[in-house]
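# Observations on the model geometry
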Amino acid sequence: MKLHPQTALIHAERKAPQLINTIQPPIYRASTIIFNNTAALFDRHWTDAYDYSYGTHGTPTTFTLGDNIAQIEGGNYCLLAPSGLSAINLVNACFLAHGDEVWVADNIYGPNMEHLRNLESRYGITVKVYNAIDVESFQPSEKAKLLWLEAAGSVTLEFPDLINLVKKAKANHILTALDNTWGAGLAFNAFDFSDQHLSVDLTVHALTKYPSGGGDILMGSVVTQDKNLHHKLFRMHAIQGIAISGDDAAQVQRSLSSMQIRYERQAETALKLLTWLKTQDIFAQVLHPADPDNISHTFWKETCQTEQSAGLVSVIFKPEYDMTAIRQFCDALTLFKLGFSWGGPVSLVMLYNLKDMRQLEHSHLQQGILVRFCIGLENADDLIADLQQALKFIEK
Ligand SMILES: Cc1ncc(COP(=O)(O)O)c(C=O)c1O
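Parameters at a glance
Residues numbered from 1 in each chain as written. Predicted model: local features only at pLDDT ≥ 70, side-chain atom pairs only at ≥ 80, totals over all residues. Heavy atoms only, no water. Near = heavy atom within 4 Å. Polar contact = N/O pair within 3.5 Å; in protein donor to acceptor, adjacent residues only side chain to side chain. Areas by Shrake-Rupley, 256 points an atom, 1.4 Å probe, with all protein chains shown as cover. 1 Å grid on protein atoms, 1.4 Å probe; cavity = no way out; pocket = protein on both sides within 12 Å on 5 of 7 lines; lining within 4 Å. Sits in = over half its atoms within 2 Å of the grid points. Nonpolar A, V, L, I, M, F, W, Y, C, P; charged D, E, K, R; others polar. Buried < 20%, exposed > 50% of the residue type's maximum accessible area, 1.4 Å probe, protein only. Helix = DSSP H or I, 4+ residues; strand = E, 2+ residues; numbered from the N terminus. Arc of directions from axis to C-beta. Pairing = 2+ DSSP bridges. Points joined across faces, edges and corners; volume = space filled by probe spheres on them. Domains from an automatic or database assignment. Contact = heavy atoms within 4.5 Å. Axes fitted to C-alpha atoms, helices over the stretch in contact; angles between N-to-C directions. Buried area = accessible area lost by both parts, 1.4 Å probe.

### Considering the site of the ligand
In the vicinity of the ligand there are 14 residues, among which Gly84, Leu85, Asp179, Thr208 and Lys209 approach most closely. Here an oxygen atom of the ligand and a side-chain polar atom of Thr208 are 2.5 Å apart. At 3.2 Å, a side-chain N or O of Trp342 approaches an oxygen atom of the ligand. Protein coverage of the free-state accessible area of the ligand, which is 390 Å², stands at 90%. When atom positions are compared with the pocket grids, the ligand is found to occupy the second largest pocket. Considered class by class, the residues forming the shell around the ligand number six nonpolar, five polar and three charged.

Shown next, in the form of structure tokens:
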């Protein structure tokens, strides 16, 4: 058939003459995936990871990244989502229904709590809040379906009593989901931790942070070892239309090879800052789970046997320093930029009013404004010098 040039251009053979080996895999961009014939269409098994059906179900590019993330975290299966928060949402949508009870740590990532409260008010789900370092505060009823964990918890960085919380959840047949963004699959293996063959059921990871590493890509993942859980998630993922772009997946894939080195460097710099911050009289408290003075230090030590910790450290200013003073400090920083998120090359700072954030009483936390530092890849001495000069701008 002689084709019009316009038609010929559209239907031109697009396959390269032969495949070559490259350091990074090729990038697939797809909404439509073409079936070779009707038999292939009707025989497809779209819930099996590698049976391609439509762009939202995945491409070789997204499956390769998912496999890598599962491997890093010690799981078997992975689903990718357009942000860490949407991965959290996928777990909540998949495993919570009307009448269920969900347990969530008081220091969980704030938008997860907000998301659960929204489900509570609209869909009749009960949200119960526990203290991550006090297993007795976790008292599940028969309706409890899901326990959310985060290690270390957001902003105040308490490392949870993971061993006892997971044991108790398992004894009560409650599904455990861990926000694994801080550990990134590097600080500890969430699917086999503390030499006790303990495992959470699911991990959620904001790939936006360490795996991306650039401060420029949003992505999330849900990893499990259990095929049945994965299939449930896979179906929910498909019917919610959750999809990521091949280009974004390739960017994260490219960064994975340097993730461990970046993680270790940022953790090392955070420890140097911790030591320096503890010498400063202006702070009532410096918060980091690897600090032997930290209330959750033993939980961190028994779980993170590699002695790894991420690049986050928080401080609570003494109560005589009010919000105006702390804002002067933050505005005076030059290397630390004011912004949300972490895991990128640029160090970030964010300020929080603790009393607006916690629902339980926490006697281990001092009163005062909290500032969280997220360590980038800059030199540690330069960062300390930046803090030092900015502290001079504070007026009592
Ligand atoms: C602990 C934690 N989990 C999840 C998220 C959500 O990730 P994303 O920003 O990709 O939605 C964040 C973001 O800051 C986070 O800090």
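### What about helix α11 (residues 323-332)?
What α11 keeps buried is the set Ala325, Ile326, Phe329, Cys330 and Ala332. Around the axis of α11, the buried residues are gathered within 170 degrees of arc, so they sit on the same side. Turned more than 90 degrees away from the buried face of α11, the exposed residues are Thr324, Arg327 and Asp331.

### Considerations on the pairing of strand β12 (residues 369-374)
Two faces belong to every sheet, and in a regular strand the side chains alternate between them. Taken across its six residues, β12 has six buried, putting it largely inside the fold. Here β12 shows no split at all, with Ile369, Val371 and Phe373 on one side and Leu370, Arg372 and Cys374 on the other all buried. Where strand β9 (residues 312-317) lies against β12, five bridges are found, and the strand directions are antiparallel. Bridge pairing in β12 places Val313 opposite Phe373. Looking at chain direction, strand β11 (residues 348-353) and β12 are connected through six bridges and run antiparallel.

### As for the layout of surface pockets
As a volume, the largest pocket reaches approximately 970 Å³. Lining the largest pocket we find 22 residues, and of these Arg14, Lys15, Ala16, Ile27 and Tyr28 sit closest to its centre. Residues of the lining of the largest pocket, tallied by class, amount to 13 nonpolar, six polar and three charged. Space inside the second largest pocket adds up to approximately 740 Å³. The wall of the second largest pocket is formed by 36 residues, among which Ile108, Tyr109, Gly110, Pro111 and Ser154 lie closest to the centre. Looking at the lining of the second largest pocket, the elements that each hand over two or more residues are α4 (84-95), α5 (110-123) and β6 (202-206). Element by element, the count of residues in the lining of the second largest pocket is highest for α5, at five residues. Of the residues assigned to the lining of the second largest pocket, the class counts are 18 nonpolar, nine polar and nine charged. Lining the lining of the second largest pocket are residues from two domains, each supplying at least three of them: domain 1 (38-256) and domain 2 (259-391).

### Some thoughts on the sheet that holds β9
The strand order β8-β9-β12-β11-β10 describes an open sheet built from five strands, whose pairing is mixed. Looking at strand neighbours, the two that pair on one side only are β8 (283-287) and β10 (337-338), the edges of this open sheet. Sheet analysis places β10 next to β11, joined by two bridges and oriented parallel. Counterpart to Leu338 in the pairing with β11 is Val349. Across the face of the sheet, helix α9 (residues 259-277) comes into contact with β8, β9 and β12 while running at roughly 20 degrees to β9. Packed onto the sheet, α11 meets β9, β11 and β12 and runs at close to 15 degrees relative to β12.

### Here we look at the domain arrangement of the chain
One frequent convention defines the size of an interface as the accessible area lost when the parts assemble. With domains assigned, the chain is organised as domain 1 (38-256) and domain 2 (259-391). Here domain 1 and domain 2 have C-alpha centroids that lie 26 Å from each other. Each partner contributes to the interface: domain 1 provides 40 residues, whereas domain 2 provides 39 residues. When domain 1 packs against domain 2, close to 3,400 Å² is buried across both sides, 61% of that on carbon and sulfur atoms. The largest contributions to the domain 1 side of the interface with domain 2 come from Val155, Trp182 and Tyr210, which together make up 23% of the buried area.

### Remarks on the sheet that holds strand β2 (residues 101-105)
The seven strands lie next to each other as β1-β7-β6-β5-β4-β2-β3, forming an open sheet whose pairing is mixed. In this open sheet, the two edge strands, each paired with only one partner strand, are β1 (77-81) and β3 (126-130). Each neighbouring strand pair of the sheet contributes to a mean axis angle of 20 degrees, computed without reference to strand direction. In terms of strand pairing, β6 meets strand β7 (residues 220-224) through five bridges, oriented antiparallel. Paired with Leu202 across the two strands is Thr224, which belongs to β7. Helix α6 (residues 162-171) contacts β3, β4 (144-150) and β5 (175-179) of the sheet and is inclined by roughly 170 degrees relative to β4.

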